[in-house]
Amino acid sequence: MAGQHAEMDQVIEKLTDLLGKRCTTAEAVREQHGHDESWHFPAAPDAVCFARSTEEVSEIVKVCALHKVPIIPFGAGTSLEGHVNAVHGGISVDLNEMNEILRVSPEDLDCTVQPGVRRKQLNEYLRDTGLFFPIDPGADASIGGMASTRASGTNAVRYGTMRENILCMTVVLPDGRIISTGHRSKKSAAGYDLTKLYIGAEGTLGIITEVTLKLYGIPEAISAATVCFPDIEGAIQAVILTIQTGIPVARIELLDEVQVDAINRYSNLDLAVKPTLFLEFHGSEAYVKEQAEQVSDICSEFGAQGFAWTTQVEERTKLWQARHDAAYAAIALRNGAQIWATDVCVPISRLADCILETKKDLEGSFLIAPLVGHVGDGNFHLSFVIKKEIPEELAEAERLNGRLIDRALAMDGTCTGEHGIGLGKKKYMYREHGEAVDVMATLKHALDPDNIMNPGKIIPDQAAE
């Protein structure tokens, strides 16, 4: 133990020589970097380094690699599965000061940014170019964090996820080398696709220091709509038919009656407390009107009521802000509570079965758990409203979460559509991927033989050994 402390002291001394006051062991800063927005108990790093360039990240990694000290990349801290918790101690590398937009090429519909750039910052910068970046996970997440967790969100049904919208990245490897995973060309057949390897790697294979993103033209017109249903099955069937009909809806979100009640209270809305769809349409003025009318007709086939749509910016903003605040609305349902947020994704043909069976589980539980989802691509979320200091509540959330994941996997789905694995879902990896997990572990060991890059995440313990 004394030897380990001496080793860590040497690392911190070297990093302080490199960064000055941007390497800190202050307890408050360490505590802040020891947790995300998940239910997992915090685990603070031994020190936090604030990097400002790819070269600095490389030097930090080289010092840690020499002493085999863990490294945990840190962005906005908005992840939901314990991704940034320093479960083995080590150095948290905070990338928030790497927040420059390095290049925008309107003619090529792409840009290159540093990892600390926030998505709202990027879209504000792009506004005058007539372009925007569509991936919207709700939180004002950092681009590097979104790449690392393969984020998506409310626009994914039309624009895809981070996986489809990254052209290439600059990455610092576990030994400190700096590589580019590709180039700006729209396609390439040259070698292994390293870009895809690092999207969703959650900092376990290296640290992302630059990201080149696809951009899109801001639509001429945008309209938003709400519509409620007498039951959740009708809402789901309307979603399925809308997708199968080929209507290019930009967003299509489902909120169950528990979530609607929560956001009514939290965001001062007056929606009917019934299963409800939030929708958004992009295109010309005539086309968004046509899309809204088509979806209204489909919804009416399933007993929908009160289909209302608007192109007013203020009304649209209020609606989507309420949707993005759904987690905070859930927390507000119970004083002193937190949420255990989880998600799964299934083929859209199995979405109704998966949600209805999940709702039956919830009806038999003593926990409150609002349901909301990006159901246009088969992805939905539960937020268990718990007090994690009460063991019975943690156990019940664990039980319900396990049943949810078993159900999704049995339907040829995944244990997480967008939250990622982190700490929380490692134990489901073999169930979902089988021997492919061993291939992942082999890749991890080949690139990071000393297991210093965000250790304890993604790869189950038995595969990591």
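The structure under discussion appears in the preceding block.
Residues numbered from 1 in each chain as written. Predicted model: local features only at pLDDT ≥ 70, side-chain atom pairs only at ≥ 80, totals over all residues. Heavy atoms only, no water.

Student: Which parts of the structure should I look at to understand the nonpolar core?
Tutor: If you look at soluble globular proteins, the nonpolar side chains tend to sit buried side by side. Within the largest apolar cluster, 58 residues are counted, with the highest numbers of intra-cluster contacts made by Leu-254, Leu-277, Leu-279, Ile-355, Phe-380 and Phe-384. Looking at this core element by element, the count peaks at seven residues for helix 15 (residues 391-410). Discounting chain neighbours no more than four positions away, the residues touching Phe-384 are Gln-338, Ile-339, Trp-340, Thr-342, Leu-362, Leu-367, Ile-368, Ala-369, Ala-397, Leu-400 and Asn-401. Counting 27 residues, the second largest nonpolar core, distinct from the first, contains Leu-131, Ala-151, Ala-201 and Leu-213. (Core = buried A, V, L, I, M, F, W, Y, C linked by side-chain atoms within 4.5 Å. Buried < 20%, exposed > 50% of the residue type's maximum accessible area, 1.4 Å probe, protein only. Helix = DSSP H or I, 4+ residues; strand = E, 2+ residues; numbered from the N terminus. Contact = heavy atoms within 4.5 Å.)

Student: Please explain the environment of His-183 as it appears in this structure.
Tutor: The residue His-183 is located in the loop between strand 9 (178-180) and helix 8 (194-198) in this model. Judged by its relative accessible area of 64%, His-183 falls in the exposed class. Once the C-alpha coordinates of His-183 and Cys-168 are considered, the two residues, 15 residues apart in sequence, prove to be 5.8 Å apart. Other than its neighbours up to four places away in sequence, His-183 contacts Leu-167 and Cys-168.

Student: I would appreciate a short explanation of the sheet that holds strand 9 in the present structure.
Tutor: Strands pair in a sheet through their backbones, by hydrogen bonds, and they do so in one of two ways: parallel or antiparallel. Across the sheet, which stays open at both edges, the five strands sit in the order 5-6-10-8-9 with antiparallel pairing between neighbours. The two strands at the open ends of the sheet, each matched to only one other strand, are strand 5 (101-105) and strand 9. Recorded for the sheet is a direction-independent mean angle of 10 degrees between the axes of neighbouring strands. Relative to strand 10 (residues 207-214), strand 8 (residues 166-172) runs antiparallel, the two being bridged by six bridges. By the bridge assignment for strand 10, Thr-170 is matched with Glu-210. Contacts from helix 4 (residues 119-126) reach strand 5, strand 6 (110-113) and strand 10, with the element oriented near 45 degrees to strand 5. (Pairing = 2+ DSSP bridges. Axes fitted to C-alpha atoms, helices over the stretch in contact; angles between N-to-C directions.)

So, to be careful, I would describe these as geometric facts and stop short of saying anything about function.
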